[in-house]
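# An overview of the molecular structure
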Amino acid sequence: MPTTTGLDAPPVTRRPQNRGVHIVLDRSGSTGVRATTLNDAGEIVEDATTTMTFDDLPEFVRRHEAQLPRPRWVWPDTRAWYPRLLAADVRIDRCVDLQLCHTILRMSALASDSPLARSPLSAWDAATALDDQPSAPAATLFELDLQTDAESASVVTVSAVDEFRSQSEAVALSRSSGRLRLLLAAESAGALVAAEMRYAGLPYSAERHDRLLTELLGRRPATGARPAVLDDLVGEIRRELDSPLLNPDSPPDLLRALNRAGILATSTRSWELRKVQHPVIEPLLRYKKLSRLMTANGWAWLDAWISDGRFHPDYVPGGVVTGRWATRGGGALQLPRQVRGAVVADDGWKLIVADAAQLEPRILTGLSHDTAMAAAGRGKDLYEGIVASGAVEERSQAKVAMLGAMYGATTGESGRLMPRLKRAFPRAVKLVEDAAAEGEKGEVVTSRLGRSSPRPGASWHAAQSAASDSASTAAEERRARTQARDWGRFTRNFVVQASAAEWALCWMADLRQRLTALAPESRLQDGPHLVYFLHDEVIVHAPAPLADATAAAVRESAVQAGRLLFGDFPVEFPVTTAIVDNYAEAK
DNA sequence: CACGGGTGCGCG
DNA sequence: AAAGCGCGCACCCGTG
């Protein structure tokens, strides 16, 4: 039996079944939309199929969204369908993103017996191959075409209505329908949040950013040229290393020059160079830092990504195997601390910056029902609580030990602390060790709500069978062992990271509803709205008078997310909230 | 000239 | 190998 986190535990707390009406949207011909209404039982209501043009869709949705209870909109892909509605000032309450849900159900060990999981690959499995054009959201509905390349001609096509029924059946037949239903709802809500955040954008001051760049790099140079400050640094580095043609951006070139100068580095990484005593090191490290700023978040980035005082990153919900989001272009999830002062609230508005404290260790606490660790995290910093438990002496030790447990560290300080952590918190440590053991065997592991890890690929299995052959060489056995351990560290971390991503989705989904309730009649960008998400952190842009209420909502949603995942188990999910004018002021 | 792997570094 | 997980992106450099 594959490892499934917490299935022995009491069922996830469920909201009352709120089935209501579903309206399935699908393409009809090349320019039209077909809307099919399904009743509580999932049956097509008589006379409930209508077709319309794409231009008529926003009004159709607005009309139905105004009626209570609101429908749940079922559509193939939020990325392609929702931006057009937002552009027409139409928001929706709830949806099913068939594409994202299909991927979850196809992979989930909880639904592995369903017809959906056993069916041949269909167009719904081609999600990642489908490269729609997010830069023109209004046009994607028309450009979206599942039949573009020759190969997909042989792929089975399944209508949105049939796919929705197939998914509903897979959930109903699964080993834990409450969890999967929650996961699919949270994933779909996340897709709505991503589209809304992209639409609203992160308030961003191009002026402040430009000022920062100019202070650090000098005036903006002509395209392709090096700013004055970097140019001077390159000159200094070349002189110190006596290498007049050195390109400091070329690691092999730089390493050779360093070695020639008697510096015995094996790589050119900053952390390694930091240990070296030599006059070139200081300007070199400064060059690396500033050059990074220039290439990743310089003027070109500013031109490409900031318009009308907003940063509009392209979020990709479910873009990571663990269910975390990814981004495409703009590097929104790597926004350096260095530039966060340019994230500025509008006049009369505030940024509410919220961060879930020690999220992953707390998730592990809930997954494993480790009451000792829950107690350590109650009402205080979890790492301090671990110190108070006597397991370790210093907060820094608690942190490195916890990270090591979740990432699979075997050596160094973290490895040395593991026995002590295990003695104090046996349940938590056992859960990740079991997950690692499953991965080393090539088995699948599953998150709290039912997202399963991928299986290792063909080359992994080939390496394992080569090593188990009686004629295997020592090298083959070593290679197989290394790969098995690598995969074990992946599955070890998967259960925690994937469950943390689920918590974050529930947090945002609940928060989104609370924010709407704070300003029910307004347009999205006129009331408090989410503008940024970073794994365990959110930013809400809110009118100043609503800032306190917004911060309270953020905290209440965190409590609710904990309940949704872990029911009555007493693990806490504290969030720090800061009400600020710019992002750099928070923590 | 395009592509893909490697390196390095930003984020959690 | 930075002790260990997950990413995206810019750049270099070898290959075709």
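Description of the structure in this document. (Residues numbered from 1 in each chain as written. Chains lettered and ligands numbered in written order. Predicted model: local features only at pLDDT ≥ 70, side-chain atom pairs only at ≥ 80, totals over all residues. Heavy atoms only, no water.)

## Observations regarding the pattern of salt bridges
For the record, the criterion: One side-chain nitrogen of Lys or Arg within 4 Å of one carboxyl oxygen of Asp or Glu is enough to make a salt bridge. Where helices and strands are cited, they refer to DSSP runs of H or I of at least four residues and of E of at least two residues respectively, numbered from the N terminus. Burial here depends on accessible area, computed with a 1.4 Å probe over protein chains only, as a share of the maximum for the residue type. Under 20% is buried, over 50% is exposed, and the range in between is partly exposed.
Applying the stated rule across the entire model yields 27 salt bridges. Note that D314 is salt-bridged to R79, the shortest N-O span being 3.1 Å. Of the two residues, D314 is situated in the loop between β9 (310-311) and β10 (315-316) and R79 in helix α2 (residues 78-87); the sequence distance between them amounts to 235 residues. The class of R79 is partly exposed, set by a relative accessible area of 22%. One salt bridge in this structure joins R220 and D303, with 2.7 Å as the shortest N-O distance. Separated by 83 residues along the polypeptide, R220 in the loop between α8 (206-217) and α9 (228-240) and D303 in helix α13 (residues 299-305) bring together distant segments of the chain. Exposure remark for R220: the relative accessible area of 45% places this residue in the partly exposed category. The structure contains a network of salt bridges with shared partners spanning R79, D314 and R328.

## Focus: the nonpolar core
In globular proteins that are soluble, nonpolar side chains generally tend to be buried together. The test is simple: For our purposes a nonpolar core is just a set of buried Ala, Val, Leu, Ile, Met, Phe, Trp, Tyr and Cys residues, chained together by side-chain atoms within 4.5 Å. The contact rule is simple, with two residues in contact once any of their heavy atoms fall within 4.5 Å.
By size, the foremost hydrophobic cluster in this structure holds 135 residues, and its most contacted members are I386 and W503. No other element matches helix α21 (residues 474-518), which puts 13 residues into this core. Beyond its immediate sequence surroundings of up to four residues, I386 is in contact with A376, A391, V392, A398, M402 and F425. Residues V33, A35, A200 and L524 belong to the second largest nonpolar core, which totals 23 residues.

## A few points about the packing of aromatic side chains
Stated precisely, the cut-off is as follows: Working definition: rings of Phe, Tyr and Trp (its six-membered ring) pair if their centres are within 6.5 Å, and the pair is stacked with planes under 30 degrees apart, edge-to-face with planes over 60 apart, and tilted otherwise.
What the rule picks out here adds up to 15 aromatic pairs. An angle of 65° between the planes, with centres 5.2 Å apart, marks the rings of W301 and F311 as edge-to-face. With W301 in helix α13 and F311 in strand β9, the pair connects residues that are ten residues apart, well separated along the chain. Take F311: its relative accessible area is 0%, and that puts it in the buried class. Counting every residue linked through ring pairs, the aromatic cluster contains Y204, W301, W305 and F311.

## What to know about the protein's contact with DNA strand C
Quick reminder of the rule: We call a residue near a molecule or strand whenever a single non-hydrogen atom of that residue lies within 4 Å of it. In protein, a polar contact means a hydrogen-donor-capable atom and an acceptor-capable atom, both N or O and within 3.5 Å, with residues adjacent in sequence counting only if both atoms are side-chain atoms; elsewhere, any N or O pair within 3.5 Å suffices. In this classification, Asp, Glu, Lys and Arg are treated as charged, Ala, Val, Leu, Ile, Met, Phe, Trp, Tyr, Cys and Pro as nonpolar, and every other residue, Gly included, as polar.
Among the 28 residues in the neighbourhood of DNA strand C, the closest are listed as S250, R269, G329, V400 and R489. Counted by atom, the contact set of DNA strand C within 4 Å of the protein is 70% sugar and phosphate. Note that a phosphate oxygen of DNA strand C is positioned 2.3 Å from one of the side-chain N or O atoms of R269. At 2.7 Å, a side-chain N or O of R489 approaches a phosphate oxygen of DNA strand C. Every element with two or more residues in the surface near DNA strand C is listed here: α12 (281-297), β11 (326-327), α17 (395-407), α18 (412-424) and α21. The element contributing the most residues to the surface near DNA strand C is α21, with four residues. Considered class by class, the residues forming the surface near DNA strand C number eight nonpolar, 13 polar and seven charged.

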